[in-house]
Amino acid sequence: MTAVATTLRAAAERIGLRIGSAFSFPAYNEDSRYAAVLAREFNCVTAENEMKPMFLQPERGRFDFSTAERLLDFAGEQDMAVRGHTLVWHNQMPLWLRQGGFSRLVALEILRDHVQQVCAHFRGRVWCWDVVNEALNDDGGWREKSPWFQMTQTEYIERAFVWAHEADPEALLFYNDYGMELAGAKGDACYRMLRDFLDRGVPVHGVGFQGHLGVENRLDDAFANQLRRFRDLGLAVHITEMDMGLPCPVTDEARQQQAEEYARRFRLALAAGVSAIVLWGFTDRYSWVPSFSKGAYDEALLFDREYQPKPAWQSVLNLLKEAGARSE
Ligand code: G3I
């Protein structure tokens with residue numbers, strides 16, 4: 001007889017799923033309850049901020065891995081996989097790089113240096129890297145306002161993958177973006193880009209769907225079909241930043257809808273062969289949603305502000321247990 005799973009982590013491990021959360025270093029540092037729940041419920045972490053370039057290379061040529069190392073230590077002690085996030089993004093670039101106005105050649109040199117130093121430093125300890133984050137606009141065009149695009153056009157995207165692979169051949173390399181969960185121009189553009197990379201031997205191994213979608217977005221088979229398209233290219237598919245804001249003021253009815261919708265999104269993702277589902281945090285105490293939405297949305301995660309499991313936690317746990325029972 002198998003023991004009954006009472007945590008997301010135990011239930012996910014039975015079906016070979018990585019279930020993760022963003023890791024907030026300030027929260028970890030200031031609140032002792034944070035680490036206990038994180039390690040109990042999840043087997044994977046992504047640094048919410050601390051592995052982004054503005055933290056890792058605050059001045060040109062000066063790398064600071066100290067805060068990221070704290071996360072790596074925690075993950076190692078708790079036997080959790082690490083999704084590295086992110087090597088290249090238009091946001092949270094250090095000021096010297098954002099405002100540098102470098103020529104194409106110098107920009108590529110800086111890119112190679114950053115990607116190679118970071119990947120080599122964490123080699124063997126980072127399971128996957130979000131190599132490039134959000135290089136596409138919602139209409140499927142390139143994000144031309146990105147300093148990286150302005151300095152190198154689209155060249156930075158594939159070079160980053162090549163250099164990351166050289167520095168850490170074992171890490172799985174991902175392209176990560178939002179707003180591709182349903183069919184549309186952005187997902188199509190991403191599909192074309194990744195198919196082209198695969199055809200030309202650019203080392204890309206997976207695609208990350210961020211999954212920042214409020215509860216009003218009731219997902220259906222179109223979501224699973226979209227994920228499957230990328231699986232059919234031979235790519236690993238991860239949900240990398242899932243959360244689900246509720247409109248304020250939050251009602252019990254909305255919390256119930258959230259529970260149903262979380263279970264539905266997990267079910268569709270599992271049916272499509274997703275191998276990791278990472279939430280963008282786990283406690284409503286520390287979520288980017290209220291500040292980003294200027295108070296319009298809140299309570300986006302599975303635990304409340306006092307670390308108590310919400311109906312959404314229970315529904316995800318039930319769903320994972322059902323999936324486990326089916327696979328036995
Ligand atoms: O580092 C400063 C700190 O010095 C200062 O005291 C503090 C005061 O507000 O701000 C700190 O910067 C904050 C930074 O996170 C690091 O903690 C910024 O204000 C804050 O806006 C920034 O937000 C992050 C955001 O990315 C930046 O765009 C969120 O925490 C983080 O959740 C969010 O994560 C992104 C993913 O990386 C990519 N996909 C979208 C997702 C949500 O936006």
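Overview of the structure. (Residues numbered from 1 in each chain as written. Predicted model: local features only at pLDDT ≥ 70, side-chain atom pairs only at ≥ 80, totals over all residues. Heavy atoms only, no water.)

1. Re the sheet that holds strand β3 (residues 81-88)
- The strand order around the closed barrel formed by 8 strands is β1-β2-β3-β4-β5-β6-β7-β9, and the pairing between neighbours is parallel. Put simply, the sheet's adjacent strands are angled 25 degrees from each other on average, direction ignored.
- Note that strand β6 (residues 206-209) and strand β7 (residues 236-242) share 4 bridges and pair parallel. Of the residues in β7, the one forming a bridge with G208 is H238.
- Contacts between helix α7 (residues 104-122) and the sheet are confined to β3 and β4 (128-133), with β3 contributing the most and set at about 170 degrees to the helix. (Pairing = 2+ DSSP bridges. Helix = DSSP H or I, 4+ residues; strand = E, 2+ residues; numbered from the N terminus. Axes fitted to C-alpha atoms, helices over the stretch in contact; angles between N-to-C directions. Contact = heavy atoms within 4.5 Å.)

2. Digging into the packing of aromatic side chains
- Across all of its chains, the model carries 20 aromatic pairs by this definition.
- Considering the side-chain rings of Y34 and F282, the 4.8 Å spacing of their centres and the 45 degrees angle between planes classify their relative orientation as tilted. On the criterion of sequence distance, the pair formed by Y34 in helix α3 (residues 32-41) and F282 in the loop between β9 (276-279) and α13 (289-292) is long-range, its members being 248 residues apart.
- Residue classification places F282 among the buried residues on the basis of a relative accessible area of 1%.
- Here W96 and F102 contribute two aromatic rings whose centre-to-centre distance is 6.3 Å and whose plane-to-plane angle is 70 degrees, an arrangement assigned as edge-to-face.
- Sitting over the face of the ring of W163, R112 holds its NZ or CZ atom 5.9 Å from the ring centroid. (Phe/Tyr/Trp six-rings, centres within 6.5 Å; stacked < 30°, edge-to-face > 60°. Buried < 20%, exposed > 50% of the residue type's maximum accessible area, 1.4 Å probe, protein only. Lys NZ or Arg CZ within 6 Å of the ring centre and 35° of its normal.)

3. Structural notes on the environment of R218
- With respect to the element layout, R218 can be found in the loop between β6 and α11 (221-231).
- For R218, a relative accessible area of 60% puts it in the exposed group.
- In this structure, the C-alpha to C-alpha distance between R218 and A107, residues 111 residues apart in sequence, is 42 Å.
- The residues touching R218, leaving out its near neighbours within four places in the chain, are E261 and R264.

4. As for empty space enclosed by the protein
- Considering all chains together, one arrives at 3 cavities of 30 Å³ or more under this definition.
- For the largest cavity, the calculated volume is near 80 Å³.
- P53, L87, L97, H114 and W148 are the residues nearest the centre of the largest cavity, which is lined by 13 residues in total.
- Where the lining of the largest cavity is concerned, the elements lending two or more residues are β3, α6 (95-98) and α7. (1 Å grid on protein atoms, 1.4 Å probe; cavity = no way out; pocket = protein on both sides within 12 Å on 5 of 7 lines; lining within 4 Å. Points joined across faces, edges and corners; volume = space filled by probe spheres on them.)

5. Topic: the site of the ligand
- By nearness alone, 15 residues border the ligand, and E48, K52, H85, E241 and W280 come closest of all.
- Measuring from an oxygen atom of the ligand, one finds a side-chain N or O atom of N91 at 3.3 Å.
- The side chain of E241 places a nitrogen or oxygen atom 2.7 Å from a nitrogen atom of the ligand.
- Considered on its own, the ligand offers 790 Å² of accessible surface; in the complex 52% of this is hidden by protein.
- Among the residues forming the shell around the ligand, the class breakdown is 4 nonpolar, 7 polar and 4 charged. (Near = heavy atom within 4 Å. Polar contact = N/O pair within 3.5 Å; in protein donor to acceptor, adjacent residues only side chain to side chain. Areas by Shrake-Rupley, 256 points an atom, 1.4 Å probe, with all protein chains shown as cover. Nonpolar A, V, L, I, M, F, W, Y, C, P; charged D, E, K, R; others polar.)

6. Comments concerning the side chain of E134
- Within the secondary structure, E134 sits in the loop between β4 and α8 (147-152).
- For E134, which is buried and forms no salt bridge, the nearest opposite charge comes from R143, at a distance of 4.3 Å.
- Of note is the side chain of E134, whose polar atom sits 2.9 Å from the side chain of Q210.
- E134 has contacts with W89, H90, R143, Y175, N176, D177, Y178 and Q210, leaving out every residue within four places of it along the chain. (Lys, Arg positive; Asp, Glu negative; His and termini not counted. Salt bridge = Lys/Arg side-chain N within 4 Å of Asp/Glu carboxyl O.)

7. Considerations on the pattern of salt bridges
- Taken as a whole and assessed by the stated rule, the structure comprises 20 salt bridges.
- Between R200 and E158 there is a salt bridge; the shortest N-O distance is 2.8 Å. Of this pair, R200 sits in the loop between α10 (185-199) and β6 while E158 sits in helix α9 (residues 155-167), and the two are 42 residues apart along the sequence.
- Among the residues examined, E158 registers a relative accessible area of 22% and is labelled partly exposed.
- Between E261 and R264 there is a salt bridge; the shortest N-O distance is 2.7 Å. Here the residue E261 and the residue R264 both occupy positions in helix α12 (residues 252-271), the gap between them amounting to 3 residues, near one helical turn. Take E261 and R264: they sit in the same class, and that class is buried.

8. Digging into the packing of α12 against helix α14 (residues 311-327)
- Between α12 and α14, the least distance of the axes is 8 Å, while the angle of their chain directions is 30 degrees. Overall, the two elements α12 and α14 adopt an arrangement that is roughly parallel. In the packing of α12 onto α14, the handedness of the crossing is right-handed. On the side of α12, the interface is formed by R255, Q256, Q258, A259, Y262, A263, F266, R267 and L270, while α14 contributes P311, A312, S315, V316, L319, L320 and A323.
- Its residues assigned to classes, the contact of α12 with α14 shows 11 nonpolar, 3 polar and 2 charged. (Parallel < 35°, antiparallel > 145°, perpendicular 65-115°, else oblique. Left-handed = near helix turned anticlockwise from the far one by under 90°.)

9. Some remarks on the packing of α11 against α12
- Contact pair α11 / α12: the axes reach a minimum separation of 8 Å and the direction vectors enclose 35 degrees. Handedness of the crossing formed by α11 with α12: right-handed. Contacts between α11 and α12 involve D221, F223, A224, L227 and R228 on the former and, on the latter, R265, L268, A269 and A271.
- Grouping the constituent residues of the contact of α11 with α12 by class yields 6 nonpolar, no polar and 3 charged.

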